[in-house]
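What follows is the residue order along each chain.
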Amino acid sequence: EHLPARQILSIRTRLQPPHYEVIPEALRELMLHAKAQGYPVDAPSFFVHDNDDQGEGGSLVEIGLPVAGEVAPQGRIEVRTFAGGRALIGRFVGPYDKTGSAYSAVVEEALRRGLSITGVTAEFYVKSVPDTPNPEAYETDIAFFLEEG
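Asks: Describe the overall build of the protein, and please don't skip the residues or the numbers.
Replies: For the protein, the helix and strand inventory stands at two helices and eight strands. When its helices and strands are written in sequence order, the protein yields β-β-α-β-β-β-β-α-β-β. Against the 2.2 N^0.38 benchmark of 15 Å for 149 residues, the protein shows a C-alpha radius of gyration of 15 Å, consistent with a compact globule. In terms of its C-alpha atoms, the protein occupies a principal-axis envelope of roughly 45 × 35 × 30 Å. The buried share of the protein, taken over its 149 residues, is 42%. Excluding contacts between residues fewer than 6 apart, the proportion of contacts in the protein whose partners are at least 24 apart in sequence is 75%. Here the protein displays about 8200 Å² of accessible surface, and carbon together with sulfur accounts for 52% of that area.

Below you can see the structure in the form of structure tokens.
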């Protein structure tokens, strides 16, 4: 599958497991900013994890909220272009703390198909807190970006 390039509001930070709270905190900040400014959100929120970028303070994550129209940065919120690209995607239904099995399943499928994955993964929150209060009904697309070629 090819993920399209999109304009996003973005927060880039470092992730040090097990401190995953940086992701929902950043998503909340992005959503509040978009709502306060009246920016139309035009696709599910997501985060991208560059597993090869293990800098000081953890690995690099970018939390993104796709928005349309003229938007402006504020504080740590940047306006960037999510580049998109080729990816193998699997959908997981259930709570976020149970997505680990979906990661394994997508990797196994990539190997079965002979695809070369990069060190970059993403989670797209297709159905989440604003859509349902029930974590068992959350839908998350797990994407592994593929080597070009």
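Asks: Quick rundown of the packing of aromatic side chains? Include the residues and the values.
Replies: Applying the stated rule across the entire model yields eight aromatic pairs. Among the aromatic residues, ring-to-ring pairing joins Phe46, Phe82, Phe124 and Phe145 into one connected group.

Asks: I'd love a proper account of the pairing of strand 6 (residues 85-93), names of residues and values included.
Replies: Across two bridges, the pairing between strand 1 (residues 2-3) and strand 6 is antiparallel. Following the sheet pairing, leucine 3 is matched in strand 6 by glycine 85. Sheet topology places strand 6 next to strand 8 (residues 139-146); seven bridges connect them, and they run antiparallel. Within the sheet, the bridge partner assigned to phenylalanine 92 lies in strand 8 and is threonine 140.

Asks: Requested: an account of helix 1 (residues 22-37), with residues and values cited.
Replies: Because an α-helix completes one turn every 3.6 residues, residues spaced three or four positions apart along the sequence face the same direction. Taking 1.5 Å per residue as the helical rise, helix 1 with its 16 residues ought to reach 22 Å, and the 23 Å between its terminal C-alpha atoms agrees with that figure. Of all the residues in helix 1, the buried ones are Val22, Ile23, Ala26, Leu27, Leu30, His33 and Ala34. Down the axis of helix 1, the sector holding all buried residues measures 130°, keeping them to one side. Turned more than 90 degrees away from the buried face of helix 1, the exposed residues are Arg28, Leu32, Lys35 and Ala36. Immediately downstream of helix 1, the backbone of glycine 38 shows phi near 75°, a positive value.

Asks: Explain the nonpolar core to me, using residue names and the numbers behind them.
Replies: The tendency in soluble globular proteins is for nonpolar side chains to be buried as a group. Within the largest apolar cluster, 27 residues are counted, with the highest numbers of intra-cluster contacts made by Leu9, Ile23, Leu30, Phe47 and Ile63. Of all the secondary structure elements, the ones that give two or more residues to this core are strand 2 (6-15), helix 1, strand 4 (58-66), strand 6, helix 2 (100-113) and strand 8. Considering every element that reaches this core, the biggest residue donor is helix 1, with six residues. Not counting residues up to four positions away in its chain, the partners in contact with leucine 30 are Leu9, Ser10, Ile11, Ile63, Gly64, Leu65 and Ile77. Judged by nonpolar contacts, the second largest core, of ten residues, contains Phe46, Ala122, Phe124 and Phe145.

Basis of the calculations
Residues numbered from 1 in each chain as written. Predicted model: local features only at pLDDT ≥ 70, side-chain atom pairs only at ≥ 80, totals over all residues. Heavy atoms only, no water. Helix = DSSP H or I, 4+ residues; strand = E, 2+ residues; numbered from the N terminus. Rg over C-alpha atoms; globule rule 2.2 N^0.38 Å. Buried < 20%, exposed > 50% of the residue type's maximum accessible area, 1.4 Å probe, protein only. Contact = heavy atoms within 4.5 Å. Areas by Shrake-Rupley, 256 points an atom, 1.4 Å probe, with all protein chains shown as cover. Phe/Tyr/Trp six-rings, centres within 6.5 Å; stacked < 30°, edge-to-face > 60°. Pairing = 2+ DSSP bridges. Expected span 1.5 Å × (residues − 1). Arc of directions from axis to C-beta. Core = buried A, V, L, I, M, F, W, Y, C linked by side-chain atoms within 4.5 Å.

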